[in-house]
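Residue strings, one per chain:
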Amino acid sequence: MDERERALARSFAGLDYEGFRALAGRADLSANERIGFPDSVRGGREAAILADIRAKLPALAEGAAPGLVVDIGPGAGPLAQALVAACRAQGHALWLLDSPEMLAALPEGPGLTKRAGRFPDGTGPLPELAGQADAVLCYSVLHYVFAGQPLVPFLDAALALLKPGGALLLGDLPNASMRRRFLAGAAGRAFHRAYTGRDEDPVLATHPATEGEMDDSVLLSLVTRARALGFDAWVLPQPPGLPMANRREDILVRRP
Ligand SMILES: C[S@@+](CC[C@H](N)C(=O)[O-])C[C@H]1O[C@@H](n2cnc3c(N)ncnc32)[C@H](O)[C@@H]1O
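Residues numbered from 1 in each chain as written. Predicted model: local features only at pLDDT ≥ 70, side-chain atom pairs only at ≥ 80, totals over all residues. Heavy atoms only, no water.

(A) Looking closely at the site of the ligand. The ligand sits among 20 residues. The nearest are R42, G73, D98, Y139 and Q149. Here an oxygen atom of the ligand and a side-chain polar atom of D98 are 2.7 Å apart. F119 places a polar main-chain atom, nitrogen or oxygen, 2.9 Å from a nitrogen atom of the ligand. Protein chains shield 99% of the accessible area of the ligand, which is 600 Å² for the free molecule. If you list the elements that add at least two residues to the shell around the ligand, you get helix 2 (17-24) and strand 2 (93-98). Tallied by class, the residues present in the shell around the ligand amount to 13 nonpolar, 4 polar and 3 charged. (Near = heavy atom within 4 Å. Polar contact = N/O pair within 3.5 Å; in protein donor to acceptor, adjacent residues only side chain to side chain. Areas by Shrake-Rupley, 256 points an atom, 1.4 Å probe, with all protein chains shown as cover. Helix = DSSP H or I, 4+ residues; strand = E, 2+ residues; numbered from the N terminus. Nonpolar A, V, L, I, M, F, W, Y, C, P; charged D, E, K, R; others polar.)

Structure (structure tokens):
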């Protein structure tokens with residue numbers, strides 16, 4: 001990561017839904033940067049990410065029957081383009097829920113429906129989707145929701161889209177507890193040296209305040225909430241090849 005990317009990465013740290021709206025139209029940024037990712041982190045990784053998503057969401061597996069797929073916060077980068085192509089090839093109806101600016105940057109196409117607005121409060125009622133979705137994807141979005149919206153109504157509204165047997169993937173969730181566990185080990189200390197360019201170990205507090213950051217307590221409470229509402233739910237690891245697998249994980253929820 002060069003100096004320009006480091007500065008960009010720092011500016012991405014405080015993003016929320018409104019911040020992404022402004023980013024979507026920036027002509028000076030690359031497609032990945034317009035959705036909040038430095039190219040050195042996300043560039044060329046969309047095939048591996050989509051393969052992991054398809055391994056976790058049964059409706060997106062190779063050869064699955066056509067159904068209804070909803071992507072909450074697809075952005076307009078290479079991963080969104082790859083998902084659109086995969087759903088088209090499978091004959092899925094795909095709904096994309098994001099800001100007008102993000103959705104405008106994605107092409108129209110058969111089987112594709114765009115609904116602009118902040119989910120769930122800005123999208124209006126979605127009667128076409130309630131209890132209908134085979135798969136709901138929300139990838140690399142939840143930490144921005146955590147920063148600017150109440151998480152429980154967001155989760156409840158996403159769960160309400162699932163049909164029996166349908167599954168929700170809350171993917172690519174930064175977990176401050178997991179990051180601390182990683183940084184405390186030899187691999188994490190080496191990673192820290194390479195990232196900072198300084199020959200020093202990371203300073204790790206024993207009981208850190210993680211205000212504004214999701215940690216074990218947040219992720220596990222989402223699992224508990226989903227289970228309390230009658231869904232099966234699990235925290236899953238990411239395969240080691242994904243860009244931030246050492247400090248991010250996924251939550252998979254399935255409606256029985
Ligand atoms: C980091 S980007 C991820 C894009 C895409 N899922 C990916 O992984 O390539 C986060 C996206 O979530 C969208 N977003 C954030 N909060 C949202 C909300 N409440 N409803 C809909 N979209 C939201 C942003 O506009 C942005 O496009």
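Okay, back to it.
(B) Quick peek at the layout of surface pockets. Here the largest pocket is characterised by a volume of approximately 1,400 Å³. Surrounding the largest pocket, 43 residues form its lining, R179, Y195, M244, R247 and R248 being those nearest its centre. Secondary-structure elements contributing two or more residues to the lining of the largest pocket are helix 1 (3-12), helix 3 (39-42), helix 7 (142-148), helix 9 (176-183) and helix 10 (186-196). Considering only residue class, the lining of the largest pocket consists of 24 nonpolar, 10 polar and 9 charged. (1 Å grid on protein atoms, 1.4 Å probe; cavity = no way out; pocket = protein on both sides within 12 Å on 5 of 7 lines; lining within 4 Å. Points joined across faces, edges and corners; volume = space filled by probe spheres on them.)

(C) Seen up close, the pairing of strand 4 (residues 133-139). Judged by how many residues are buried, strand 4 sits mostly within the fold: 6 of 7 residues are covered. Of the strand pairs in this sheet, strand 4 and strand 5 (residues 162-174) are connected by 6 bridges, and their pairing is parallel. Following the sheet pairing, A135 is matched in strand 5 by A167. (Buried < 20%, exposed > 50% of the residue type's maximum accessible area, 1.4 Å probe, protein only. Pairing = 2+ DSSP bridges.)

(D) The arrangement of helix 5 (residues 78-90) in detail. For helix 5, with 13 residues, the first-to-last C-alpha span of 18 Å sits near the 18 Å given by 1.5 Å per residue. Buried within helix 5 are the following residues: L79, A80, L83, V84, A86, C87 and Q90. Looking straight down helix 5, one finds its buried side chains confined to an arc of 165°; they lie on one side. In this structure, the buried residues of helix 5 make contact with helix 3, helix 4 (46-56), strand 1 (68-72), strand 2, strand 3 (112-116) and strand 4. Phi for G91, located one or two positions after helix 5, is positive at around 80°. (Expected span 1.5 Å × (residues − 1). Arc of directions from axis to C-beta. Contact = heavy atoms within 4.5 Å.)

(E) Just the packing of aromatic side chains, in detail. In total, this model carries 4 aromatic pairs according to the counting rule given. Taken together, a centroid distance of 5.3 Å and an interplanar angle of 85° make the contact between F119 and F154 edge-to-face. Of the two residues, F119 is situated in the loop between strand 3 and strand 4 and F154 in helix 8 (residues 151-159); the sequence distance between them amounts to 35 residues. Grouping residues by exposure puts F119 and F154 together as buried. Among the aromatic residues, those joined into a ring-pair cluster are F182, F191 and Y195. The ring of Y195 has R6 lying over it, and the distance from NZ or CZ to the ring centre is 5.6 Å. A cation over a ring is seen here: R42 above F37, with NZ or CZ 3.9 Å from the ring centre. (Phe/Tyr/Trp six-rings, centres within 6.5 Å; stacked < 30°, edge-to-face > 60°. Lys NZ or Arg CZ within 6 Å of the ring centre and 35° of its normal.)

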